[in-house]
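Below, each chain spelled out in residue letters.
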Amino acid sequence: MIEWFKNLSNAEKIAIVAIVVPVCLAVIGGLLKWLSGKKGKTIHQEGSGHAAANIDGHKNIIAGGNINTGIDSDAVLNTLVRTSKQLGQSKEKDINQQETIRQLEERLAQAQIIIDTNLQQIPQPTQEAKDLAAQIEDDARPYALALKAIAEGRDAQADELLDETQKLLDQVQEQKDRAQIKIYLARMQNATYAGRPRDALPYCDLMKPLAGNDSLILNEIATVYYENANYKEAEPLMRRVVTILENPGGEPLPNYTGALNNLAVLLEATNRLKEAEPLMRRALTIDEASFGADHPN
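The residue numbers shown here count from 1 along each chain, following its written sequence. Confidence filtering applies because this is a predicted model: local features only for residues at pLDDT of at least 70, side-chain atom pairs given and counted only at 80 or more, and all residues used for totals across whole chains, interfaces and linings. Values reported for side chains reflect all heavy atoms of the structure, with hydrogen atoms and water molecules removed beforehand.

### Side note on the overall build of the protein
Part 1 of the argument: Helical segments are the DSSP runs of H or I of at least four residues, strand segments are the runs of E of at least two, and each set is numbered from the N terminus. When helices and strands are tallied, the protein shows 11 helices and 4 strands.
Part 2 of the argument: Relative accessibility thresholds used throughout: buried, under 20% of the residue-type maximum; exposed, over 50%; partly exposed, between the two (1.4 Å probe, protein chains only). For the protein, with 297 residues in total, the buried portion stands at 26%.
Part 3 of the argument: Only carbon and sulfur atoms are counted for the fraction: they give 54% of the accessible area of the protein, which is about 20300 Å². Computed by Shrake-Rupley with a 1.4 Å probe, the accessible areas treat only the displayed protein chains as cover when residues are assessed.

Listed below in structure tokens is the structure:
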């Protein structure tokens, strides 16, 4: 039992502990009440006038509960035992399935050659691959089912299952990329605010392929390059931000004038004043129309 518990993942251990603790509290509470001679009496919540109970969706009382925890000790204990068995079975099942998938991947990479009546060589899955495929259960994940379909010659279904697998992978990767950008951005800002702008540069290089068309992220990266006098890297990013916020075919998006000004400042720093001036005048015209001629902006 101890070895089984050690082999569980942290999430599974937490789930079991979350069930065990209330059970222990409920059992101890029940023993104390029994020892104090209150066994068999209906216990009411103080001030409520209602007995503690579990009520289903039809407002029917389905089980009495311990007044301190609101938990039916027997029901929770049964759930704990059932969940523990399921967790153990699920973990063992996953391990066995993963090993089957690994072996199937190897066998599919070792095709047998069939010669048809026209003396053409046609590669086919080996019998070992087919035998392994038969062990993949119908409720397995799309990738495993795709390998099974390949081994069994169901190529159209295999493509559909692989498309489904790719979508799942893309979703996971997208979530990971968004989270990774936040970490890189925070590291970059930490270095910048600590007066270490050069330490922020490596994160710019890591963020660029993940930024997509996020103007705020692109602007942050461009600013760090600019602060490090890396104008060659900063300029194309600033121009890209301007294009995104310019919103061709519609009204300019918020921060558009700020993007124009940032690019103009870079052009000024590289002594291209004739290019910088029209950008500054354009930003000024837009801001005057938005805020009025006398506004501090």
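### Description of the pattern of salt bridges
Part 1 of the argument: Salt bridges are counted wherever a side-chain nitrogen of Lys or Arg sits within 4 Å of a carboxyl oxygen of Asp or Glu. Taken as a whole and judged by the stated rule, the model has 14 salt bridges.
Part 2 of the argument: Among the ionic pairs, Glu-152 bridges to Arg-154, the shortest N-O distance being 2.6 Å.
Part 3 of the argument: You can call Glu-152 partly exposed: its relative accessible area is 38%.
Part 4 of the argument: You can call Arg-154 partly exposed: its relative accessible area is 29%.
Part 5 of the argument: Put simply, Glu-233 and Lys-208 hold a salt bridge, and the shortest N to O gap is 2.9 Å. With Glu-233 in helix H9 (residues 231-246) and Lys-208 in helix H7 (residues 197-211), this pair connects stretches of sequence that are 25 residues apart.
Part 6 of the argument: Looking at Glu-233, the relative accessible area reads 30%, which means it is partly exposed.

### Brief notes about helix H10 (residues 256-269)
Part 1 of the argument: Helix span is expected to be 1.5 Å times the residue number reduced by one. With 14 residues, H10 extends 20 Å between its outermost C-alpha atoms, agreeing within 8% with the 20 Å of an ideal straight helix rising 1.5 Å per residue.
Part 2 of the argument: Pairs of residues are marked as contacts when any of their non-hydrogen atoms sit within 4.5 Å. Residues of H10 that are buried in the fold lie against helix H8 (215-227), H9 and helix H11 (273-291).
Part 3 of the argument: One or two residues past the end of H10 sits Asn-271, with phi positive at roughly 60°.

### Section: the packing of aromatic side chains
Part 1 of the argument: Centres within 6.5 Å make a pair out of two Phe, Tyr or Trp rings, where for Trp the six-membered ring is used; the pair is then stacked when the planes are under 30 degrees apart, edge-to-face when over 60, and tilted otherwise. According to the stated counting rule, one finds 2 aromatic pairs in the structure shown.
Part 2 of the argument: Taking 6.2 Å as the distance between ring centres and 35° as the angle between the ring planes, the aromatic pair formed by Tyr-184 and Tyr-203 counts as tilted. Taken together, the residues Tyr-184 in helix H6 (residues 155-193) and Tyr-203 in helix H7 connect sequence positions 19 residues apart.
Part 3 of the argument: When the centroid spacing of 5.5 Å and the interplanar angle of 50° are considered together, the rings of Tyr-226 and Tyr-231 count as tilted.
Part 4 of the argument: Residue class for Tyr-226 comes out partly exposed when judged on its relative accessible area of 25%.

### Quick notes on a negative patch on the surface
Part 1 of the argument: A cluster of like negative charges, contributed by Asp-155, Asp-159, Glu-160 and Asp-163, occupies part of the molecular surface.
Part 2 of the argument: Here Asp-155 shows up in helix H6. By definition, no residue in a patch forms a salt bridge, and every one has over 30% relative accessible area; like charges are joined within 9 Å, nonpolar side chains (Val, Leu, Ile, Met, Phe, Trp, Tyr) within 5 Å. Under the convention used here, Asp and Glu are negative, Lys and Arg are positive, and both His and the chain ends fall outside the count. Charge positions come from single atoms, namely NZ of Lys, CZ of Arg, CG of Asp or CD of Glu.

### Observations regarding the packing of H8 against H9
Part 1 of the argument: Across the interface, H8 lies against H9 with an axial gap of 8 Å and an inter-helix angle of 155°. The angle between H8 and H9 falls in the class roughly antiparallel. For the pair H8 and H9, the crossing hand works out as left-handed. Seen from H8, the contacting residues are Ser-215, Leu-218, Asn-219, Ile-221, Ala-222, Tyr-225 and Tyr-226; seen from H9, they are Tyr-231, Glu-233, Ala-234, Leu-237, Met-238, Arg-240, Val-241, Ile-244 and Leu-245.
Part 2 of the argument: Its residues placed into classes, the contact of H8 with H9 shows 12 nonpolar, 2 polar and 2 charged. Lines fitted to C-alpha atoms define the axes here, with helix axes fitted over just the stretch in contact, and angles between the N-to-C directions of these axes take values from 0 to 180 degrees. When an angle is under 35 degrees it counts as roughly parallel; over 145 it counts as roughly antiparallel; between 65 and 115 it counts as roughly perpendicular; any other value is oblique. Each helix crossing is assigned a hand: it is left-handed if the near helix lies turned anticlockwise from the far helix by less than a right angle, otherwise right-handed if that turn is clockwise. Polarity classes work like this: nonpolar for Ala, Val, Leu, Ile, Met, Phe, Trp, Tyr, Cys and Pro, charged for Asp, Glu, Lys and Arg, and polar for all others, with Gly in that last group.

### A closer look at the packing of helix H5 (residues 142-151) against H6
Part 1 of the argument: Running from N to C, H5 and H6 point in directions that differ by 160°, and their axes come no closer than 8 Å. With respect to their mutual orientation, H5 and H6 come out roughly antiparallel. Judged by the twist between their axes, the crossing of H5 over H6 is left-handed. Contact residues: Pro-142, Tyr-143, Leu-145, Ala-146, Ala-149 and Ile-150 in H5; Ala-158, Leu-161, Leu-162, Glu-164, Thr-165 and Leu-168 in H6.
Part 2 of the argument: Per-class residue counts for the contact of H5 with H6 are 10 nonpolar, 1 polar and 1 charged.

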